[in-house]
Amino acid sequence: MTNYYIWTIGCQMNKAESERLGSYLEKLGYQATDIVEEADLIMLNSCVVRQSAENRVINKLNALKALKRSHPNLTLAVTGCLVNSDIDQIKQNFPHVDYFLKPGDYPPWLEKADLSSVLPQHPSPGTFVPIIQGCDNFCTYCIVPYRRGRERSRPTEEIVGEVKELVQRGVKEVTLLGQNVDSYGHDLPNKPDLTDLLNELNTIAGLTRLRFLTNHPKDMSPRLIEAIAYLDKVCEHISLPVQSGNNDILRAMRRGYTIEHYRQLISEIRSKIPNVALSTDIIVGFPSETETQFQQTVNLLSELRFDTIHVAAYSPRPGTIAAKELEDNIPPIEKKGRLNKIEQLQKRIATGINSRLLGRTVEILVEGKQKDKWQGRTRSGKLVFFSDNNARRGQLIKIRVEKTSPWSLQGKVELSNNN
Ligand code: SAM
Ligand code: SF4
């Protein structure tokens, strides 16, 4: 028996690709192991979106040198965004790695899989489905378009077929993935868009929930907002990264929208989709970001009150426009201070938003157990924990909320005739 170990860091796209690769390996007779020393094949699915992520990947790769020396038959492969087009150069830096595979490429010693065989064999009740690869936007700070290439949409029939198959395998909820899901379909023959795709997926029997990430504020359409409001399976949960609250910074980032447009979009979303949960991404310490410009970001976040915020300190990524043209001139300690301020602000906002759910009943899809507690998510994406002796994985279940925190909720199964 050949053992494999996959180490994944980074975005949901990486997680989805690792899950599929693992299933494919198992189909070929490999067996998963949690113990890296016992693996015959180690795959690192890497992320380099920020320097801190790249450092983790490099540390891990260096740590594997000794293992490779003591197990010469070990195969070591690296995929994900670390792998750029100059594979000869990275091979020189990491000679102990056997294969470097561009994101989405298959290891050459495996025959290329057909579609159904790369689907997760034992998918989680909530599973990711990539719908568009790559990105055409070239935000000045971002390395993704250089590593994942131009946008390539998967044909609608292929995605629909895949989701049907996943439902057969027990999936109840699907999250559609793309760097910019609003670009979906522009490169396909009949130019379907995300709304068309959702309309089709919404009819699949047995599927109960649909989500998608990430939307782009310059591209999210009124038609899509309407569809989220009227399609019963599409969850009221939108991820719309704003990145900064200042128009000059947004221009320097080449985001393609203004704060006025963004505010208007949020107001339209909130008026059409009651109880929508919103999430955003922020970069602090972008080159030349002044204290006043940072304060405008803080003010915007206080005004719009997101359910969740992912905040990152700017780090220059080699080859990007910002790294080439703009000086990384905000000191690390200042970036850290700004990041902490936003985290503290968000903690207060999320405390307020979540505390309103105390004593209420929410419906969750149970994803699995963590230690001795079941965990699942509401349609709005809130993480909920509860204790129960029954097998609950994959069930839609009502929970009465007894405790709230900025990050999650806790409660008890609400007894009804079905329980
Ligand atoms: N496509 C999405 C969008 O339009 O925002 C997000 C994709 S990006 C891979 C994920 C997040 O990483 C971004 O929203 C941004 O906040 C952060 N990020 C990307 N490049 C960064 C950089 N150079 N420094 C710090 N954070 C960065
Ligand atoms: Fe990166 Fe911008 Fe594309 Fe998002 S939209 S992946 S931030 S280039």
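Reading guide: rules and limits
Residues numbered from 1 in each chain as written. Chains lettered and ligands numbered in written order. Predicted model: local features only at pLDDT ≥ 70, side-chain atom pairs only at ≥ 80, totals over all residues. Heavy atoms only, no water. Helix = DSSP H or I, 4+ residues; strand = E, 2+ residues; numbered from the N terminus. Rg over C-alpha atoms; globule rule 2.2 N^0.38 Å. Buried < 20%, exposed > 50% of the residue type's maximum accessible area, 1.4 Å probe, protein only. Contact = heavy atoms within 4.5 Å. Areas by Shrake-Rupley, 256 points an atom, 1.4 Å probe, with all protein chains shown as cover. Lys, Arg positive; Asp, Glu negative; His and termini not counted. Charge placed at Lys NZ, Arg CZ, Asp CG, Glu CD. Polar contact = N/O pair within 3.5 Å; in protein donor to acceptor, adjacent residues only side chain to side chain. Salt bridge = Lys/Arg side-chain N within 4 Å of Asp/Glu carboxyl O. Near = heavy atom within 4 Å. Nonpolar A, V, L, I, M, F, W, Y, C, P; charged D, E, K, R; others polar. Expected span 1.5 Å × (residues − 1). Pairing = 2+ DSSP bridges. Right-handed = clockwise from strand over helix to strand, strands pointing away. Axes fitted to C-alpha atoms, helices over the stretch in contact; angles between N-to-C directions. Parallel < 35°, antiparallel > 145°, perpendicular 65-115°, else oblique. Disulfide = S-S within 2.5 Å.

Describe the overall build of the chain, naming the residues involved and giving the relevant values.
Along its length, the chain carries 12 helices and 18 strands. On C-alpha atoms alone, the chain measures out to a radius of gyration of 22 Å, which is about the 22 Å that the 2.2 N^0.38 rule sets for 419 residues. Overall size of the chain, expressed as C-alpha extent along the three principal axes, is 60 × 60 × 45 Å. A buried classification covers 52% of the 419 residues belonging to the chain. Partitioning the intrachain contacts of the chain with sequence separation of at least 6 by distance along the chain shows that 72% fall at a separation of at least 24. When the accessible surface of the chain is totalled, it reaches about 19,500 Å², and 48% of it is carbon and sulfur. Each charge sign in the chain was given a centre, from 55 positive and 49 negative side chains, and these centres are 5 Å apart.

So what's going on with the environment of N84? Which residues, and what values?
Within the fold, N84 resides in the loop between β4 (75–80) and α3 (87–93). Among the residues examined, N84 registers a relative accessible area of 23% and is labelled partly exposed. The spacing of N84 and L326 is 242 residues in sequence and 22 Å in space, taken between C-alpha atoms. At 3.0 Å, the side chain of N84 forms a polar contact with the backbone nitrogen of D86.

So what's going on with the pattern of salt bridges? Residues and values would help.
Enumeration according to the criterion identifies 26 salt bridges in this entry. When the shortest N-O distance is used, the salt bridge between E291 and R338 registers 3.7 Å. Of this pair, E291 sits in helix α10 (residues 291–304) while R338 sits in helix α12 (residues 332–355); the two residues are 47 residues apart in sequence, bridging distant segments of the chain. Residues E334 and R338 are paired through a salt bridge, measuring 2.9 Å at the closest nitrogen-oxygen approach. With E334 and R338 both in helix α12 and four residues apart, this pair spans about one turn of that helix.

Mind laying out the side chain of T320, listing which residues take part and the relevant values?
Mapped onto the elements of the fold, T320 is located in the loop between β13 (308–313) and α11 (321–325). With a relative accessible area of 0%, T320 lands in the buried category. If we ignore the near neighbours within four places in the chain, the residues touching T320 are T140, Y141, C142, I143 and Y146.

Requested: an account of the site of ligand 1, with residues and values cited.
With respect to spatial proximity, 15 residues lie near ligand 1, and among them Y141, Q179, Q243, D281 and S315 are the closest. Residue R50 places a side-chain N or O atom 3.3 Å away from an oxygen atom belonging to ligand 1. Burial of ligand 1 by the surrounding chains reaches 89%, relative to a free accessible area of 550 Å². Where the shell around ligand 1 is concerned, the elements lending two or more residues are β12 (277–284) and β13. Among the residues making up the shell around ligand 1, the classes are represented as eight nonpolar, three polar and four charged.

Break down the site of ligand 2 for me, with residues and values.
Taken together, C135, N137, F138, C139, Y141, C142, V144, P145, Q179, H216 and R255 make up the full set of residues adjacent to ligand 2. Residues that form the shell around ligand 2 fall into these classes: seven nonpolar, three polar and one charged.

Give a detailed account of α12, specifying residues and quantitative values.
The end-to-end C-alpha distance of α12, which contains 24 residues, comes to 34 Å, matching closely the 34 Å that a straight helix rising 1.5 Å per residue would cover. Considered for burial, the residues of α12 that qualify are K335, R338, L339, I342, L345, Q346, I349, A350, I353 and N354. Buried residues belonging to α12 abut β12, α10, β13, β17 (396–404) and β18 (409–413).

For the pairing of strand β3 (residues 41–46), give the residues involved together with the corresponding values.
Of all six residues making up β3, six are buried, and the element is well covered by its neighbours. What you see with β3 is no split at all: L41, M43 and N45 on one side and I42, L44 and S46 on the other are buried throughout. Of the pairings in the sheet, the one linking β3 to β4 comprises six bridges and is parallel in character. Along β4, the bridge assignment pairs M43 with A77. A crossover links β3 with its parallel partner β4, the connecting element being helix α2 (residues 51–70), and its sense is right-handed.

Which residues make up the packing of helix α9 (residues 259–272) against α10, and what values do they have?
If you want to describe how two helices pack, look at the angle between their axes and the distance between the axes. Between α9 and α10, the least distance of the axes is 12 Å, while the angle of their chain directions is 10°. Put simply, α9 runs roughly parallel to α10. Between α9 and α10, the contacting residues are I259, Y262, R263, I266 and R270 on the first element and L300, E303 and L304 on the second. Across the contact of α9 with α10, the residue classes tally to five nonpolar, no polar and three charged.

If you had to explain the state of the cysteines to someone new, which residues and values would you point to?
Applying the stated criterion across every chain, the model contains zero disulfides. Between C47, a cysteine without a disulfide, and C11, which holds the nearest cysteine sulfur, the sulfur-to-sulfur distance is 6.4 Å.

Give me the sheet that holds strand β14 (residues 361–370): which residues, what numbers.
For sheets, the rule is that strands pair by backbone hydrogen bonds, running either parallel or antiparallel. Strand order in this closed barrel of five strands is β14-β15-β16-β18-β17, and the pairing throughout is mixed. Mean inter-strand twist for the sheet, computed between neighbouring axes without regard to direction, equals 55°. As judged from the four bridges shared by strand β15 (residues 373–377) and strand β16 (residues 383–386), these two strands associate in the antiparallel manner. Within β16, the residue paired with Q375 across the bridge is F385.

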